[in-house]
Structures are given as structure tokens and as C-alpha cells.
Amino acid sequence: MALREIRTHPDPVLREPAKKVPLIDMSVQRLIDDMIDTMRAVSGVGLAAPQVGVPLRVAVIELPGEDVIALINPVLIKKKGERIIEEGCLSVPGYRGQVKRAVTVKVKARDRDGREFRITATDDVLAQALEHELDHLEGRLYTDLVESPESLWRAEDTGDG
Ligand code: ZN
């Protein structure tokens, strides 16, 4: 087990579109394990590789009571609907905000063994986490989606991904 340092805004790695993983090898497996350990250490629900300084298309999500999901080269297949929800980010400590997210999100990705899988989430934290982590892989932060200054506020518990 190894913890990696979580990069915070304005670290430029957070703004770089991440590169596709060319080969799922030991280094990618180790990255996923370290990301899971790091996410758990800070009680996050998700973490994307750029948040630990690695510009690769890898993300992990773990909702309370659910199995951890590792996503390699995830692609957003479909999103539908709109809802306004509250969000925070481990890379933007000290803030929370209100953003517009999709209701239904469908993603395909490869798992740590290289097998393709699909996830569909509707109107729940998983749908939000999928969009949030996929945004990280494009170099986007949730604060980019905040529509007005009143929709971003200081908060002790930043949480999330
Ligand atoms: Zn985040």
C-alpha cells in the first residue's frame, strides 16, 4: 500500500487532458492500488489519475457500501437530463459548489484486467462521480461549471473526488 500526494489547484497537471493507457501492465495495476489507498485515506468517493500527478486516463470510484470501480480509458457514451447538485473536489480544498450535472450517465471503460464493461447510473452519486472523474481526465474541474460566484462557497468538509 502506498499513498500518493493529491495535487491541488492550480497544479498544471489538473488542467492537462490525460492520455489513453496504451497497455494495462504492472505499473497501471500499481497506480490503481495506490489511487484506491489514497482515496480511502481521505474518505473520498472518487479519484482520477491526474489528481495524483499522473496524466493517464484512469479513475477509481468507491461509494459507501459498494465495490470499488476502477476505470481505465473510460468513455462517456451517453448523458441525458439535467439536475443541479452540490459538489466538492479533493483537488479544490476548502470549497463546495453548485453545478449542473446530467441525470443519466452511461460510460464504457476497461477494468484492471483489460475487460470492457459498461455502467449506467441515474440520478445518484455514481452518476455524479462518473461525470466528475471523467471531467478530471479532460483537465476540467467542477469549479469551471459553477455558474455564478454565489454558487461556490467556502466549506470545511470538501470531500468527494
Ligand atoms: Zn475532483
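Conventions adopted
Residues numbered from 1 in each chain as written. Predicted model: local features only at pLDDT ≥ 70, side-chain atom pairs only at ≥ 80, totals over all residues. Heavy atoms only, no water. Helix = DSSP H or I, 4+ residues; strand = E, 2+ residues; numbered from the N terminus. Rg over C-alpha atoms; globule rule 2.2 N^0.38 Å. Buried < 20%, exposed > 50% of the residue type's maximum accessible area, 1.4 Å probe, protein only. Donors = N, O, S within 2.8 Å, 3.2 Å for Na, K, Ca; no water. Tetrahedral: all angles 85-135°; square planar, octahedral: opposite > 155°, others 65-115°. Salt bridge = Lys/Arg side-chain N within 4 Å of Asp/Glu carboxyl O. Expected span 1.5 Å × (residues − 1). Pairing = 2+ DSSP bridges. Axes fitted to C-alpha atoms, helices over the stretch in contact; angles between N-to-C directions. Contact = heavy atoms within 4.5 Å. Phe/Tyr/Trp six-rings, centres within 6.5 Å; stacked < 30°, edge-to-face > 60°. Lys NZ or Arg CZ within 6 Å of the ring centre and 35° of its normal. Lys, Arg positive; Asp, Glu negative; His and termini not counted.

**Re the overall build of the protein**
- Each helix and strand in the protein was counted, giving two helices and eight strands.
- For the protein, the succession of helices and strands along the chain, N to C, is α-β-β-β-β-β-β-β-α-β.
- Compactness check: the protein gives a C-alpha radius of gyration of 15 Å against a globular reference of 15 Å for 161 residues, within 12% of the reference.
- In the protein, which comprises 161 residues, the share counted as buried stands at 50%.

**Describing the coordination of the zinc ion**
- Every protein donor of the zinc ion is listed here as Cys 89 (SG), His 132 (NE2), His 136 (NE2) and Gly 161 (O), and their distances to the metal cover 2.0 to 2.4 Å.
- Classification of the site at the zinc ion rests on its four donor atoms, whose angles at the metal span 102 to 122°, yielding the label tetrahedral.
- Taken in chain order, the donor set of the zinc ion reads C-x42-H-x3-H-x24-G. Of this pair, Cys 89 sits in the loop between strand 4 (83-87) and strand 5 (95-101) while His 136 is found in helix 2 (residues 125-137), placing the two residues 47 residues apart along the sequence. Across the pair, exposure class does not vary: Cys 89 and His 136 are buried alike.

**What about the pattern of salt bridges?**
- Within this structure, the stated rule accounts for 18 salt bridges.
- Between Asp 34 and Arg 4 there is a salt bridge, with the nearest N and O atoms lying 2.8 Å from each other. Of the two residues, Asp 34 is situated in helix 1 (residues 26-41) and Arg 4 in the segment before helix 1; the sequence distance between them amounts to 30 residues.
- A residue is classified by how much of its surface remains accessible, and Arg 4, at 27% relative accessible area, is partly exposed.
- Between Arg 96 and Glu 86 there is a salt bridge; the shortest N-O distance is 2.6 Å.

**A look at helix 2**
- Counted at 1.5 Å a residue, the expected span for helix 2 with its 13 residues is 18 Å, and the 18 Å between its end C-alpha atoms agrees.
- Most of helix 2 sits out of view: 12 of its 13 residues are buried.
- Within helix 2 the residues assigned to the buried category are Leu 126, Ala 127, Gln 128, Ala 129, Leu 130, Glu 131, His 132, Glu 133, Leu 134, Asp 135, His 136 and Leu 137.
- Taken from the residues just after helix 2, Gly 139 is the one with a positive phi, measuring 80°.

**Focus: the sheet that holds strand 7 (residues 116-122)**
- Pairing is antiparallel in the open sheet, where five strands are placed in the order 1-2-3-6-7. Only two strands of the sheet have a single partner each, and these edge strands are strand 1 (46-48) and strand 7. Taken pair by pair, the neighbouring strands of this sheet meet at an average axis angle of 35°, ignoring direction.
- In this sheet, strand 3 (residues 69-80) lies alongside strand 2 (residues 58-61) in antiparallel orientation, the contact comprising four bridges. Counterpart to Ile 61 in the pairing with strand 3 is Ile 69.
- Each of strand 1, strand 2 and strand 3 is contacted by helix 1, which is oriented at about 40° to strand 2, the strand it contacts most.

**Some thoughts on the environment of Leu 126**
- Within the element layout of this structure, Leu 126 appears in helix 2.
- The spatial distance from the C-alpha of Leu 126 to the C-alpha of Arg 140 is 18 Å, given a sequence separation of 14 residues.
- Not counting chain neighbours up to four residues away, the residues in contact with Leu 126 comprise Ile 61, Leu 63, Ile 69, Ile 119 and Ala 121.

**Digging into the packing of aromatic side chains**
- Counted according to the given criterion, the structure contains zero aromatic pairs.
- Across the ring face of Tyr 95, the terminal group of Arg 154 is positioned such that the distance to the ring centre comes to 4.7 Å.

**Observations regarding the side chain of Asp 37**
- One can find Asp 37 in helix 1.
- Despite its burial, Asp 37 pairs with no opposite charge; the closest candidate is Arg 40, at 5.1 Å N-O.
- Aside from chain neighbours lying at most four places away, what touches Asp 37 is Met 1, Ala 2 and Leu 3.

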